[in-house]
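Understanding the architecture of this molecule
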Protein chains: 4
Amino acid sequence: MTTLLLTGFEPFGDHFVNPSEMIAKELNGQEFSKIQVIGKTIPLRFNEIKREITELIDKYEPEIIINMGQASRSAISIEKVAINLANTNKIVYNCGSKPEEEILEPSGPTAYFSSLPIKILVEYLNEYQIPSYISYSAGTFGCNQIMYHSLNHISMKKKPPSCIVGFIHLPLLPEQVLNSPHSPSMDYNMMKTSILLVISKLGEVALTG
Amino acid sequence: MTTLLLTGFEPFGDHFVNPSEMIAKELNGQEFSKIQVIGKTIPLRFNEIKREITELIDKYEPEIIINMGQASRSAISIEKVAINLANTNKIVYNCGSKPEEEILEPSGPTAYFSSLPIKILVEYLNEYQIPSYISYSAGTFGCNQIMYHSLNHISMKKKPPSCIVGFIHLPLLPEQVLNSPHSPSMDYNMMKTSILLVISKLGEVALTG
Amino acid sequence: MTTLLLTGFEPFGDHFVNPSEMIAKELNGQEFSKIQVIGKTIPLRFNEIKREITELIDKYEPEIIINMGQASRSAISIEKVAINLANTNKIVYNCGSKPEEEILEPSGPTAYFSSLPIKILVEYLNEYQIPSYISYSAGTFGCNQIMYHSLNHISMKKKPPSCIVGFIHLPLLPEQVLNSPHSPSMDYNMMKTSILLVISKLGEVALTG
Amino acid sequence: MTTLLLTGFEPFGDHFVNPSEMIAKELNGQEFSKIQVIGKTIPLRFNEIKREITELIDKYEPEIIINMGQASRSAISIEKVAINLANTNKIVYNCGSKPEEEILEPSGPTAYFSSLPIKILVEYLNEYQIPSYISYSAGTFGCNQIMYHSLNHISMKKKPPSCIVGFIHLPLLPEQVLNSPHSPSMDYNMMKTSILLVISKLGEVALTG
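Residues numbered from 1 in each chain as written. Chains lettered and ligands numbered in written order. Predicted model: local features only at pLDDT ≥ 70, side-chain atom pairs only at ≥ 80, totals over all residues. Heavy atoms only, no water.

Turning our eyes to something else, we now look at the environment of Lys50 of chain D. Residues and elements named next belong to chain D. On the secondary structure map, Lys50 appears in helix 2 (residues 49-60). Judged by relative accessible area, Lys50 falls into the partly exposed class, the value being 38%. C-alpha separation for the pair Lys50 and Ile146, spaced 96 residues apart in sequence, amounts to 6.8 Å. Those residues in contact with Lys50, other than ones at most four positions away along the chain, are Glu105 and His149. (Helix = DSSP H or I, 4+ residues; strand = E, 2+ residues; numbered from the N terminus. Buried < 20%, exposed > 50% of the residue type's maximum accessible area, 1.4 Å probe, protein only. Contact = heavy atoms within 4.5 Å.)

Residue and element names in this part refer to chain A. Of all eight residues in strand 3 (residues 35-42), six are buried; the element is thus mostly enclosed. Here eight bridges tie strand 1 (residues 2-9) to strand 3, and the two strands are oriented parallel to one another. Within strand 3, the position partnered with Leu6 by the bridge is Gly39. Relative to strand 3, strand 2 (residues 31-32) is paired through two bridges, and the arrangement is antiparallel. (Pairing = 2+ DSSP bridges.)

Paired through backbone hydrogen bonds, the strands of a sheet run either parallel or antiparallel to each other. Residues and elements named next belong to chain C. As summarised here, the arrangement of the seven strands in space is 2-3-1-4-9-5-8, forming an open sheet in which the pairing is mixed. Unpaired on one side and paired on the other, strand 2 (31-32) and strand 8 (132-135) mark the two borders of the sheet. Relative to strand 9 (residues 164-170), strand 4 (residues 64-70) runs parallel, the two being bridged by seven bridges. Across the sheet, the residue bridging to Ile64 is Ile164, located in strand 9.

Time to look at the relation of the copies chain C and chain D. Superposition record for chain C on chain D: RMSD 0.0 Å, screw rotation 180°, translation along axis 0.0 Å. Here the copies are linked by what is in effect a two-fold axis. No C-alpha of chain C approaches the rotation axis more nearly than that of Pro184 of chain C, which lies at 2.5 Å. Taken together, the interface assignments show that 100% of the residues at the interface of chain C recur at the interface of chain D, consistent with an identical surface on both copies. (Least-squares fit on C-alpha atoms with pLDDT ≥ 70 in both.)

Mapping between the two chain copies consists of a rotation about an axis together with a translation along that axis. Mapping chain A onto chain D calls for a rotation angle of 180° and an axial translation of 0.0 Å; the resulting RMSD is 0.0 Å. In this assembly, 100% of the residues forming the interface of chain A have copies in chain D that are likewise at the interface, indicating an isologous arrangement.

The subject of this paragraph is the packing of helix 2 of chain D against helix 4 (residues 142-156) of chain D. Residues and elements named next belong to chain D. Running from amino to carboxyl end, helix 2 crosses helix 4 at an angle of 40°, the nearest separation of the two axes being 9 Å. When the interaxial angle is binned, helix 2 and helix 4 end up oblique. Helix 2 and helix 4 meet at a crossing whose hand is right-handed. Facing Ile49, Lys50, Ile53, Thr54, Ile57 and Asp58 of helix 2, the residues of helix 4 in contact are Gly142, Gln145, Ile146, His149, Ser150, His153 and Ile154. A class-by-class count of the residues in the contact of helix 2 with helix 4 yields five nonpolar, six polar and two charged. (Axes fitted to C-alpha atoms, helices over the stretch in contact; angles between N-to-C directions. Parallel < 35°, antiparallel > 145°, perpendicular 65-115°, else oblique. Left-handed = near helix turned anticlockwise from the far one by under 90°. Nonpolar A, V, L, I, M, F, W, Y, C, P; charged D, E, K, R; others polar.)

The backbone of Glu101 of chain A sits at a positive phi, close to 45°, despite the residue not being glycine. One can find Glu101 of chain A in the loop between strand 6 (81-83) and strand 7 (111-113). A positive phi angle, close to 35°, is found at Ser33 of chain B, a residue other than glycine. Positionally, Ser33 of chain B belongs in the loop between strand 2 (31-32) and strand 3 (35-42). Its relative accessible area of 69% is what places Ser33 of chain B among the exposed residues.

Further remarks concern helix 1 (residues 19-27) of chain C. Every buried residue of helix 1 of chain C is listed here: Pro19, Ser20, Glu21, Ile23, Ala24 and Leu27 of chain C. Positive backbone phi, approximately 90°, marks Gly29 of chain C, located one or two places after helix 1 of chain C.

With that out of the way, let us pick up helix 4 (residues 142-156) of chain A. Given a rise of 1.5 Å per residue, 15 residues ought to cover 21 Å, and the 21 Å separating the end C-alpha atoms of helix 4 of chain A matches this to within 8%. For helix 4 of chain A, a buried count of 13 out of 15 residues is recorded, marking the element as mostly surrounded by other parts of the structure. (Expected span 1.5 Å × (residues − 1).)

Our focus in this paragraph is the side chain of Ser135 of chain D. Position of Ser135 of chain D relative to the elements: it lies in strand 8 (residues 132-135). Separated by 2.8 Å, the side chains of Ser135 of chain D and Glu79 of chain D make a polar contact. (Polar contact = N/O pair within 3.5 Å; in protein donor to acceptor, adjacent residues only side chain to side chain.)

So, on to the interface of chain A and chain D. Facing the 18 residues of chain A at the interface are 18 residues of chain D. Summed over both partners, the interface of chain A with chain D comes to about 1500 Å²; 66% of that surface belongs to carbon and sulfur atoms. Where chain A meets chain D, there are four salt bridges. Among the salt bridges present, the one from Lys119 of chain D reaches Glu100 of chain A, with a minimum N-O distance of 2.6 Å. Counting the contacts that link chain A with chain D gives eight residue pairs in polar contact (both at pLDDT 80 or more). At the level of secondary structure, the elements contributing two or more residues to the side of chain A that touches chain D comprise strand 6 and strand 7 of chain A. The element best represented in the side of chain A that touches chain D is strand 7 of chain A, accounting for three residues. Residue classes in the side of chain A that touches chain D are distributed as nine nonpolar, five polar and four charged. (Buried area = accessible area lost by both parts, 1.4 Å probe. Salt bridge = Lys/Arg side-chain N within 4 Å of Asp/Glu carboxyl O.)

Here the structure, examined in full by the defined rule, presents 40 salt bridges over all chains. In this structure, Arg73 of chain D engages Glu79 of chain D in a salt bridge whose closest nitrogen and oxygen atoms are separated by 2.7 Å. By sharing partners, the salt bridges in this structure join Glu100 of chain A together with Lys119 and Glu123 of chain D into a single network.

The next thing to look at is the packing of aromatic side chains. With the rule as written, the count across this model stands at 20 aromatic pairs over all chains. An angle of 45° between the planes, with centres 4.5 Å apart, marks the rings of Tyr93 of chain C and Phe141 of chain C as tilted. With Tyr93 of chain C in the loop between strand 6 (81-83) and strand 7 (111-113) and Phe141 of chain C in the loop between strand 8 and helix 4 (142-156), the pair connects residues that are 48 residues apart, well separated along the chain. Comparing Tyr93 of chain C with Phe141 of chain C shows no difference in burial state: the two are buried. Summarising the aromatic geometry, the rings of Phe12 of chain D and Phe141 of chain D are spaced 5.6 Å apart at their centres and angled 55° between planes, so their arrangement reads as tilted. Within this pair, whereas Phe12 of chain D is found in the loop between strand 1 (2-9) and helix 1 (19-27), its partner Phe141 of chain D is found in the loop between strand 8 and helix 4, the two being separated by 129 residues in sequence. Judged by relative accessible area, Phe12 of chain D falls into the buried class, the value being 12%. Taking relative accessible area as the criterion, Phe141 of chain D reaches 11% and is therefore assigned buried. Through a chain of ring-to-ring contacts, three or more aromatic side chains come together here, namely Phe12, Phe46, Tyr93 and Phe141 of chain A. Between Lys80 of chain A and the ring centre of Phe113 of chain A, over which it is positioned, the NZ or CZ distance is 4.9 Å. (Phe/Tyr/Trp six-rings, centres within 6.5 Å; stacked < 30°, edge-to-face > 60°. Lys NZ or Arg CZ within 6 Å of the ring centre and 35° of its normal.)

Quick look at the structure:
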């Protein structure tokens, strides 16, 4: 049995929900052929994200880590790179923190590439008629932060286990854009299906590799 | 029994489907309490749109006309105004026509306002968590054209029946933006639900008025 | 000598300047071969716009009226149509008015087309390498309002003089987007050159027609 | 005297000009108090960019390197990070190359941060009323590539000289968006002023540091 750690974030800013949390909760505990999903919500607090994610990794020792978050984008976007930096512009962490050009890990490298087979996953989602693309910036907020900490933590393990790590940005839900109807959104079921398809494809690709 | 004429357009440009046609076909023949839906597909041919829509109006004598079309927008947009003009820019009618600043009805007025209770409908969709807004330009292509001809034809009837007329723009479907994933889209079921909610609200508002 | 009435609006919302006012002031009193420019600033007050513009028209009896305003757009956009409606969404008039789907002229027609030779002007600006396009919606705020009142006032004159009337939307200035650097803007000199080119072309086209 | 290597790219895609080349050529050979500018055009050829930029660095041994390029953005954007990757999507290098998720330097790190004082420069441009922002993705085309090679080449020098390196994205010129007038653009003089202001500020900040 393969363990997949699937994280979402709690709501932030003006939002009352966060689809990444909804999916993490809904899929928590489910098994898909060879994959067991551990779904967890991460608080969007600047000084807690590292501890939360590294403790989860140490506790569950997953073979796959998928961190999820939300962004005002029109499609499922799978992130290629996490950078060693936090910078808030107009958004604020839920703890009130507003880091400015702050390094996440003083001794860490400038960036990590995701170890997910991103191109394969994007093509797979497109086959199933779900708009999707590779993104080369996960921003400089919580989403980039958790992705960086996940990749850094795995890379620092003495015997690095065969663990693949990545981040997926979900669009906003339709109910989150009622006051800004010119912003794009995506149906919840399509988001959830996307994550199920990613899990299914990873079961095939990663585990037989 | 109230008759509602619901039109959609055939696909155009690079598209193989048009959600407005899909919904018109799916709802054709259905009855909703007091409302009987006549769903029809209109060819996107510059010289045929007027004849097609006026013949349908004369044949079915509907109390409600909702013309639908698609646009690359992020939400259901209900059009306020139809102008007496066709102008193609980069899109071409399916017949190959490319009208340039062409008047639709030489003896018609410059514009008509929709007679749908637009604000009520937009608020109603928002209550049901569907992103929606009032649009003040239906463009200068087939969508504006059919809306203008519908309103003009009703206005010219000697004994104008109590007919309310309007146009609703649907977003693109997710499968229509796979090659342009930065474009917004909307799930088919949410679009269909929007039209059902509009029909339901019109049953309440328009028929008891 | 031909008289051209050129209006701009005072600043509104968060803005301290309005390029339309700046250009109206700068060109006021200037003569270009056969054209004398009367440049005026219009207060952005819902209940004063009609009176202000009609009094100016009656006082100066211009052969050409160009109303200008600003919009968050990337190019000079020349408006085709003014509709008989005011509706404020998130912006508020400087007097505090927030009309909702309010008719501007109870006895006026639904809309007027501009009588400027729009297509010729857009092509002329493009020749001079200035991004420009025809717009089919002037919105539902002060810009649409002054355009509607100008066209309506001219159309109601018993002996309609040979007066051509239109509206030009200017982009924001670079200094207006410092806090929203993803918004488009345009250099002041390019905006002013645009208006000078429009005046020059109108001198040619309109006056020899 | 401080040497500043300022590079621009040749035009690509449908474009006949590239403002980054124009500025590099115009400022080539100029001296600004303590700074001597060497302006060079780099061919946008996948297999030549590394050789071209490293030869220029070795030849001129600059204390400051500013690589410039163009992007369809609304403001001057100063890049924070260069990643070890090339990936072409719809654009093609002028040599016809279309790298797909290709590593730029097999033995190089995943990414470098710019050593320009980006935040100070953005604030300085804003003071002078020029829209500007920090960008966290230079893309995956020639712009990211030259920035990566510049930073990598400097980092590999045995005795790393005190050299600061960065990349600045210029918007399109107005004449480049005539066929896509909904795209943002910026006046050439404002772009050139931006680069002069950056040079001036670097003269102050970097050289007295």
